[in-house]
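Listed below are the residues making up each chain.
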Protein chains: 2
Amino acid sequence: MGNVRQKDIAERLGVSMTTVSRALNGSGRVKKETCQRVMQLAQESHYMVNSLARSLRLSDTRTIGIVVPDISNSFFANIIKGAQGICHDRGYMLMVCNSDENPLYEEGALMALLEKQASGVIIASVGGSRETVNGYRRANIPVVYIDNVPSDAADYDLVSIDNYKAAYALTQIVVKRGYRKIGMITGPRKQSSARMRYEGFINALSDAEIPNNADWIREGEFTLESGYAEMMGVLSLERRPAAMILSNNKLAYGAIRAIYEQGLKIPEDVAIASFDAIDGTGLVRPQIVSLNQPAEEIGRRACQMIIDKLTGESSGQERHVFLEPFLSEGDSL
Amino acid sequence: MGNVRQKDIAERLGVSMTTVSRALNGSGRVKKETCQRVMQLAQESHYMVNSLARSLRLSDTRTIGIVVPDISNSFFANIIKGAQGICHDRGYMLMVCNSDENPLYEEGALMALLEKQASGVIIASVGGSRETVNGYRRANIPVVYIDNVPSDAADYDLVSIDNYKAAYALTQIVVKRGYRKIGMITGPRKQSSARMRYEGFINALSDAEIPNNADWIREGEFTLESGYAEMMGVLSLERRPAAMILSNNKLAYGAIRAIYEQGLKIPEDVAIASFDAIDGTGLVRPQIVSLNQPAEEIGRRACQMIIDKLTGESSGQERHVFLEPFLSEGDSL
DNA sequence: TAGCACAATGTAATCGTTTGCGCAAGTGGT
DNA sequence: ACCACTTGCGCAAACGATTACATTGTGCTA
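Residues numbered from 1 in each chain as written. Chains lettered and ligands numbered in written order. Predicted model: local features only at pLDDT ≥ 70, side-chain atom pairs only at ≥ 80, totals over all residues. Heavy atoms only, no water.

### Overview of the interface of chain A and chain B
Frequently, the measure chosen for interface size is the accessible area removed from exposure when the parts meet.
Here's step 1: Listed per partner, the contact involves 51 residues of chain A and 51 residues of chain B.
Here's step 2: For the pair chain A and chain B, the summed buried area comes to about 4600 Å², and 65% of that belongs to carbon and sulfur atoms.
Here's step 3: Of all residues in chain A, Leu52, Met93 and Leu283 of chain A give up the largest surface area on contact with chain B, accounting jointly for 15% of the area buried on that side.
Here's step 4: At the boundary of chain A and chain B, one finds two salt bridges.
Here's step 5: Residue Asp70 of chain B pairs with Lys81 of chain A through a salt bridge whose shortest N-O separation is 3.3 Å.
Here's step 6: For the pair chain A and chain B, the number of links is 16 residue pairs in polar contact (both at pLDDT 80 or more). (Contact = heavy atoms within 4.5 Å. Buried area = accessible area lost by both parts, 1.4 Å probe. Salt bridge = Lys/Arg side-chain N within 4 Å of Asp/Glu carboxyl O. Polar contact = N/O pair within 3.5 Å; in protein donor to acceptor, adjacent residues only side chain to side chain.)

Printed below as a string of structure tokens:
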């Protein structure tokens with residue numbers, strides 16, 4: 001209540017708001033002494049700018065939004081950390097939103113960010129953005145996708161790994177270890193990351209002249225429960241695979257739980273390889289062989305890309321940045 | 001860039017801004033037909049409110065800030081999830097900030113939220129808030145602490161477990177299992193949660209008439225590295241403890257790593273009990289005996305408390321809400 | 001001594017919404 | 001025919017900052 005405004009300072013000092021504003025922002029043309037008087041009174045009276053007013057006037061919020069499906073997944077948490085680092089350095093604020101894997105929430109978050117006049121957004125989409133993203137296009141606000149490419153948008157900016165190549169490579173690794181009965185639990189294939197991984201897997205098998213068995217290839221949900229359920233399905237088969245590739249960490253955790261629950265051994269009975277199953281504790285057993293996205297770097301690059309667009313340091317052209325995944329070894333294969 | 005404003009709609013329809021605003025907000029006194037014409041044109045022309053202007057005028061952003069030390073710690077991630085659920089239901093937006101365990105960043109985040117006119121904030125403080133929190137007091141913006149109580153503030157609102165009681169209880173559990181040589185690695189004791197847990201531990205020991213051994217009690221940092229280092233110190237002692245209590249999940253992971261690295265067995269050589277070492281994957285070995293804070297519930301309650309204060313449903317009085325921790329069993333003890 | 005450059009400051013418009021107050025026209029009861 | 005309401009709408013002032021465009025005063029030059 002009664003927060004101090006520039007107007008108050010101006011009146012108290014018998015100067016105009018112009019002078020106060022100029023003094024506070026150091027934007028020249030104010031006598032040194034006046035400037036100091038303003039500064040001092042501002043300090044004493046605990047003046048703080050009202051960002052709303054400022055942003056409204058300047059049409060610039062210096063705020064970047066990021067929407068992720070699951071903030072408690074360390075993969076996304078690390079992306080956020082990366083983005084936040086850049087934001088902090090460059091004087092931006094990062095607004096984090098969680099879509100809870102729900103396209104409707106994703107849409108809602110994007111809408112809210114748009115209304116709040118975010119300067120740009122980073123989206124790890126789960127599919128629900130078409131309509132709102134057009135709003136960003138119209139408003140000419142930079143949007144960068146991470147992890148997933150949008151299912152529809154025509155041209156877009158992207159920071160991610162090459163999921164096709166990664167899946168191909170991971171499958172090759174499994175093959176090289178001598179496995180030939182290989183299956184996969186994919187994420188929802190309407191999400192590009194899941195689909196590309198699926199395709200990489202299929203093509204790697206076929207290039208290795210290994211037939212793929214449809215029973216061993218299942219479409220799941222990027223959740224622990226789904227991993228468990230699908231793996232249970234696979235394990236109940238007459239003919240079981242010798243190795244399974246999991247499209248994501250949660251799927252892997254669920255799947256492994258299912259395997260153990262059936263009293264089976266990893267990797268003797270079923271071997272496991274996964275994506276992004278990186279272990280922050282160092283205590284997960286088995287240690288999962290996993291191909292990981294460089295999460296923090298993805299966050300950093302995406303954020304940098306937004307800021308570049310904002311400062312005009314980047315041409316308006318569509319840009320896809322592909323980063324290299326890294327392998328973490330383990331005893332699950 | 002040519003974003004549609006109410007003014008544009010008004011001109012196009014030959015009505016006043018008042019009418020447009022009323023129609024869009026459904027705040028009465030507009031003919032049904034006019035209202036529909038406005039709505040339709042708004043839709044067609046992709047009108048969106050400018051939250052900045054709206055909030056500025058209303059002096060209300062419907063935005064709640066939350067500042068946590070480490071977003072990639074699942075404990076905090078779950079708090080955020082809880083808070084976000086409530087916010088979403090009540091039409092608020094949650095702004096998540098990460099302080100990275102750094103008091104300066106914490107201060108910065110609080111400052112930014114204040115300037116952005118957040119309607120309220122939730123803080124899991126690591127100690128750097130004194131100055132800025134006064135700003136909130138002056139502006140009469142509700143602040144709710146979680147996890148940690150502020151080191152200085154006189155009266156404050158809090159949602160947390162009773163850390164003293166919890167530590168006392170956990171220690172009792174360890175004692176009841178027959179351990180008498182018990183040590184603890186605490187967090188930074190200038191943080192209240194760490195200090196209270198330390199005191200609960202000490203008093204539980206003394207009430208059980210077990211002498212405490214200063215060599216086994218160490219002050220660490222709530223990080224994996226610190227857990228590792230301090231545990232290494234403890235293990236290098238002539239006389240080792242039979243059980244160690246870890247004040248936090250990260251400390252526990254680091255400590256366990258150290259124990260294994262020394263070729264020791266858990267719980268035979270050293271037993272382990274911890275706080276908040278809850279395992280999302282179900283694959284962490286050993287399964288850690290842990291007393292956990294109900295993270296999502298903390299987030300929900302804190303958020304609810306803010307909103308209650310905002311809507312005047314709560315008296316201005318200081319409120320401390322203590323929730324019950326829950327035990328997860330394991331084989332580490 | 002007029003003219004000029006430049007420093008220091010002020011006036012007022014602007015960003016996009018909301019809303020108190022006022023006004024005109026319509027409705028219905030007596 | 002009059003009064004009391006209600007309905008539908010508009011004017012213009014906020015909210016708090018920034019800034020283009022004056023305006024004033026000062027010292028210096030020609």
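### With respect to the packing of helix H10 (residues 224-235) of chain B against helix H11 (residues 249-261) of chain B
Residues and elements named next belong to chain B.
Here's step 1: Between H10 and H11, whose axes approach to 6 Å, the crossing angle comes to 45°. Classed by the angle they form, the pair H10 and H11 counts as oblique. In this structure, H10 meets H11 at a crossing whose hand is right-handed. Between H10 and H11, the residues in contact are Leu224, Ser226, Gly227, Tyr228, Met231, Met232 and Leu235 and Lys250, Leu251, Tyr253, Gly254, Ala255, Arg257, Ala258, Ile259 and Glu261, respectively. (Axes fitted to C-alpha atoms, helices over the stretch in contact; angles between N-to-C directions. Helix = DSSP H or I, 4+ residues; strand = E, 2+ residues; numbered from the N terminus. Parallel < 35°, antiparallel > 145°, perpendicular 65-115°, else oblique. Left-handed = near helix turned anticlockwise from the far one by under 90°.)

### Side note on helix H8 (residues 163-176) of chain B
Residues and elements named next belong to chain B.
Here's step 1: Taking 1.5 Å of rise per residue, 14 residues should cover 20 Å, and H8 covers 20 Å from first to last C-alpha, within 8% of that figure.
Here's step 2: Residues Asn163, Ala166, Ala167, Tyr168, Leu170, Thr171 and Val174 constitute the buried set of H8.
Here's step 3: With a side-chain oxygen positioned 3.1 Å from the backbone nitrogen of Tyr164, the residue opening H8 is Asp162.
Here's step 4: Trailing H8 by a residue or two, Gly178 shows a phi angle of about 100°, which is positive. (Expected span 1.5 Å × (residues − 1). Buried < 20%, exposed > 50% of the residue type's maximum accessible area, 1.4 Å probe, protein only.)

### Some points on the domain arrangement of chain A
Here's step 1: Entries for chain A in the domain assignment read domain 1 (1-45) and domain 2 (163-293).
Here's step 2: For domain 1 of chain A versus domain 2 of chain A, the separation of C-alpha centres amounts to 63 Å. (Domains from an automatic or database assignment.)

### Some remarks on the sheet that holds strand S6 (residues 182-186) of chain B
Within a sheet, neighbouring strands are paired by backbone hydrogen bonds and run either parallel or antiparallel to one another.
Residues and elements named next belong to chain B.
Here's step 1: The strand order across the open sheet formed by six strands is S7-S6-S8-S9-S10-S12, and the pairing between neighbours is mixed. Of all strands in the sheet, those with a lone pairing partner are strand S7 (217-219) and strand S12 (326-328), marking the two edges. If you compare each strand with its neighbour and ignore which way they point, the axes differ by 15° on average.
Here's step 2: Alignment of strand S8 (residues 243-246) against strand S9 (residues 271-275), held across four bridges, turns out to be parallel. The residue of S9 that forms the bridge with Met244 is Ile272. (Pairing = 2+ DSSP bridges.)

### Points about the protein's contact with DNA strand C
Here's step 1: In the neighbourhood of DNA strand C, 27 residues make up the surrounding shell, with Ser16 and Thr18 of chain A together with Met17, Arg54 and Arg57 of chain B lying closest.
Here's step 2: Of everything in DNA strand C that lies within 4 Å of the protein, sugar and phosphate atoms constitute 61%.
Here's step 3: Contact between DNA strand C and Lys31 of chain A: a phosphate oxygen at 2.9 Å from a main-chain N or O atom of the residue.
Here's step 4: A distance of 3.2 Å is found between a phosphate oxygen of DNA strand C and a side-chain nitrogen or oxygen belonging to Asn25 of chain B.
Here's step 5: Elements with a contribution of two residues or more to the surface near DNA strand C: helix H2 (17-25) and helix H4 (51-58) of chain A together with helix H2 (17-25) and helix H4 (51-58) of chain B.
Here's step 6: Per element, the largest residue contribution to the surface near DNA strand C is five residues, and it comes from H2 of chain B. (Near = heavy atom within 4 Å.)

### A closer look at the packing of aromatic side chains
Here's step 1: Scanning all chains against the criterion turns up six aromatic pairs over all chains.
Here's step 2: With centroids separated by 6.1 Å and ring planes inclined at 80°, the aromatic side chains of Tyr145 of chain A and Tyr156 of chain A adopt a geometry described as edge-to-face. Of the two residues, Tyr145 of chain A sits in strand S4 (residues 143-146) while Tyr156 of chain A sits in the loop between S4 and strand S5 (157-161), which places them eleven residues apart along the sequence. As far as the burial class goes, Tyr145 of chain A and Tyr156 of chain A line up, both buried.
Here's step 3: The ring of Phe275 of chain A carries the charged tip of Arg197 of chain A above its face, separated from the ring centre by 4.3 Å.
Here's step 4: Note that Arg62 of chain B overlies the ring of Tyr92 of chain B, its terminal NZ or CZ placed 4.4 Å from the centroid. (Phe/Tyr/Trp six-rings, centres within 6.5 Å; stacked < 30°, edge-to-face > 60°. Lys NZ or Arg CZ within 6 Å of the ring centre and 35° of its normal.)

### Things to note about the pattern of salt bridges
Here's step 1: Per the stated rule, a full pass over the model turns up 24 salt bridges over all chains.
Here's step 2: Taking the shortest distance from any N to any O, the salt bridge between Glu297 of chain A and Arg300 of chain A comes out at 2.8 Å. Of this pair, Glu297 of chain A and Arg300 of chain A both sit in helix H12 (residues 295-310), three residues apart, roughly one helical turn.
Here's step 3: What makes Arg300 of chain A partly exposed here is its relative accessible area of 30%.
Here's step 4: Between Glu329 of chain B and Arg177 of chain B there is a salt bridge, and its shortest N-O distance comes to 3.3 Å. With Glu329 of chain B in the segment after S12 and Arg177 of chain B in the loop between H8 and S6, this pair connects stretches of sequence that are 152 residues apart.

### Some points on the side chain of Ser332 of chain B
Residues and elements named next belong to chain B.
Here's step 1: Positionally, Ser332 belongs in the segment after S12.
Here's step 2: Within the structure, the side chain of Ser332 is placed 2.6 Å from the backbone oxygen of Ile272, a separation counted as a polar contact.
Here's step 3: With near-sequence residues (within four places) excluded, Ser332 lies in contact with Ile266, Pro267, Ala271, Ile272, Pro286, Gln287, Ile288 and Val289.

### A short note on the nonpolar core
Across soluble globular proteins, you tend to see nonpolar side chains buried next to one another.
Here's step 1: Among the nonpolar cores identified, the biggest contains 58 residues, and Ile64, Ile122 and Val159 of chain A together with Ile64, Ile122 and Val159 of chain B are the most heavily contacted of them.
Here's step 2: In this structure, Ile122 of chain B is in contact with Ile64, Gly65, Ile66, Val67, Ala83, Val144, Ile146, Ala302, Cys303 and Ile306 of chain B, ignoring residues within four places of it in sequence.
Here's step 3: By size, the runner-up hydrophobic cluster in this structure holds 54 residues, among which are Leu251 and Tyr253 of chain A together with Ile272 and Ile288 of chain B. (Core = buried A, V, L, I, M, F, W, Y, C linked by side-chain atoms within 4.5 Å.)

### Things to note about the pairing of strand S10 (residues 289-292) of chain A
Residue and element names in this part refer to chain A.
Here's step 1: Because side chains alternate across S10, one face comprises the buried residues Val289 and Leu291, and the other comprises Ser290 and Asn292, equally buried.
Here's step 2: Relative to S10, strand S9 (residues 271-275) is paired through three bridges, and the arrangement is parallel. When the sheet's bridge partners are listed, Phe275 is paired in S10 with Leu291.
Here's step 3: Here S10 pairs with strand S12 (residues 326-328) via three bridges, running antiparallel. Its bridge partner lying in S12, Asn292 is registered against Phe326.

### Some remarks on unusual backbone geometry
Most peptide bonds are trans, and most residues other than glycine sit at a negative phi.
Here's step 1: The omega torsion across Arg285 of chain A and Pro286 of chain A is 0°, close enough to zero to call that bond cis.
Here's step 2: Relative to the helices and strands, Pro286 of chain A is located in the loop between S9 and S10.
Here's step 3: Of note, the bond from Ile266 of chain B into Pro267 of chain B is cis; its omega dihedral lies within 30 degrees of zero at 5°.
Here's step 4: Structurally, the position occupied by Pro267 of chain B is in the loop between H11 and S9.
Here's step 5: Although it is not a glycine, Glu101 of chain B sits at a positive phi angle of roughly 60°.
Here's step 6: Relative to the helices and strands, Glu101 of chain B resides in the loop between strand S2 (93-98) and helix H6 (103-115).
Here's step 7: Phi is positive for Glu209 of chain B, which is not a glycine, with a value near 60°.

### With respect to the protein's contact with DNA strand D
Here's step 1: Of all residues adjacent to DNA strand D, which total 27 residues, the nearest are Ser21 and Arg57 of chain A together with Thr18, Thr19 and Arg29 of chain B.
Here's step 2: For DNA strand D, the backbone makes up 57% of the atoms found within 4 Å of the protein, where backbone means sugar plus phosphate.
Here's step 3: Asn25 of chain A has a polar side-chain atom sitting 3.1 Å from a phosphate oxygen of DNA strand D.
Here's step 4: At 2.4 Å, a side-chain N or O of Thr18 of chain B approaches a base nitrogen of DNA strand D.
Here's step 5: Looking at the surface near DNA strand D, the elements with two or more residues in it are H2 and H4 of chain A together with H2 and H4 of chain B.
Here's step 6: With five residues, the top contributor of residues to the surface near DNA strand D is H2 of chain A.
Here's step 7: Of the residues contributing to the surface near DNA strand D, the split by class is nine nonpolar, ten polar and eight charged. (Nonpolar A, V, L, I, M, F, W, Y, C, P; charged D, E, K, R; others polar.)

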